[in-house]
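# Summary of structural features
So the chains spell out like this:
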Amino acid sequence: MTTATRTAPAARMKNPAVVLPDATKGIRSIYQAVYQGGVDPKILELVHLRASQINGCSACVFAGVQGARKHGETDERLHAVAAWREAPFFTDEERTALALTEAATRIADRSGKAVPDDLWDAAADHFDEEQLSAIILMIGLTNLFNRINTTIEEPAGTTW
């Protein structure tokens, strides 16, 4: 019996945001604004993790778990993010942010509005305009990086 040798996966190329340094500067500025938007960092990290799970971005799922832990997130909750609807560990505010994340990430799966009015109304009940802006930008940035990383096959564990 032979044993196959596994090599660590490597990205197809450097991350485009690293190749184009001005992109990195702009992205950093947006992230700083997001974290200054008045949303609990744990919610932002859950949003990032859920969008990354949906998009199958191993690099961002890995980074999302690490980021959430830095903000005090528990393993119990992190293990349940993919099944948050059935898990008792999340607040109504977190559930609304996760539902908004799923709707805004899976826009091609919907007929009609990407974000239904009832979901938008629930989000507006839990978050003010500044907070909603931070959450929406986090969803958008996460989807941007998910698409970049899956295209270049960025492996889990990569640090930027």
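Residues numbered from 1 in each chain as written. Predicted model: local features only at pLDDT ≥ 70, side-chain atom pairs only at ≥ 80, totals over all residues. Heavy atoms only, no water.

## Here we look at the packing of helix H6 (residues 92-105) against helix H7 (residues 117-126)
Where H6 meets H7, the closest approach of the two axes is 9 Å, and the angle between their N-to-C directions is 140°. Between H6 and H7, the angle falls in the class oblique. The handedness of the crossing between H6 and H7 is left-handed. Taking contact as the criterion, the partners of Asp 92, Glu 93, Thr 96, Ala 99, Leu 100 and Ala 103 in H6 are, on H7, Leu 119, Ala 122, Ala 123 and His 126. (Axes fitted to C-alpha atoms, helices over the stretch in contact; angles between N-to-C directions. Helix = DSSP H or I, 4+ residues; strand = E, 2+ residues; numbered from the N terminus. Parallel < 35°, antiparallel > 145°, perpendicular 65-115°, else oblique. Left-handed = near helix turned anticlockwise from the far one by under 90°. Contact = heavy atoms within 4.5 Å.)

## Let's talk about a nonpolar patch on the surface
On the surface, Met 13, Val 19 and Leu 20 cluster together into a nonpolar patch covering about 280 Å² of accessible area. Overall, Met 13 belongs to the partly exposed group, its relative accessible area being 43%. (Patch = residues over 30% accessible without salt bridge, like charges linked within 9 Å, V, L, I, M, F, W, Y side chains within 5 Å. Areas by Shrake-Rupley, 256 points an atom, 1.4 Å probe, with all protein chains shown as cover. Salt bridge = Lys/Arg side-chain N within 4 Å of Asp/Glu carboxyl O. Buried < 20%, exposed > 50% of the residue type's maximum accessible area, 1.4 Å probe, protein only.)

## With respect to helix H8 (residues 129-152)
The terminal C-alpha atoms of H8 lie 34 Å apart, and with 24 residues this matches the ideal 34 Å at 1.5 Å per residue to within 8%. N-capping of H8 is provided by Asp 128, with a side-chain oxygen placed 3.1 Å from the backbone N of Glu 130. (Expected span 1.5 Å × (residues − 1). Polar contact = N/O pair within 3.5 Å; in protein donor to acceptor, adjacent residues only side chain to side chain.)

## Some words on the nonpolar core
Within soluble globular proteins, side chains that are nonpolar tend to cluster in buried spots. Counting residues in each nonpolar core, the largest one holds 15 residues, and the members touching the most others are Val 47 and Ile 135. Going through the elements one at a time, helix H3 (41-55), H6 and H8 are the ones with two or more residues in this core. The dominant element in this core, judged by the number of residues it contributes, is H8, at six residues. With residues up to four places along the chain from it excluded, the contact list for Val 47 reads Ala 97, Leu 98, Thr 101, Ile 135, Met 138 and Ile 139. Core analysis: the second largest hydrophobic core is formed by 13 residues, Leu 49, Leu 78, Ala 87 and Ala 99 among them. (Core = buried A, V, L, I, M, F, W, Y, C linked by side-chain atoms within 4.5 Å.)

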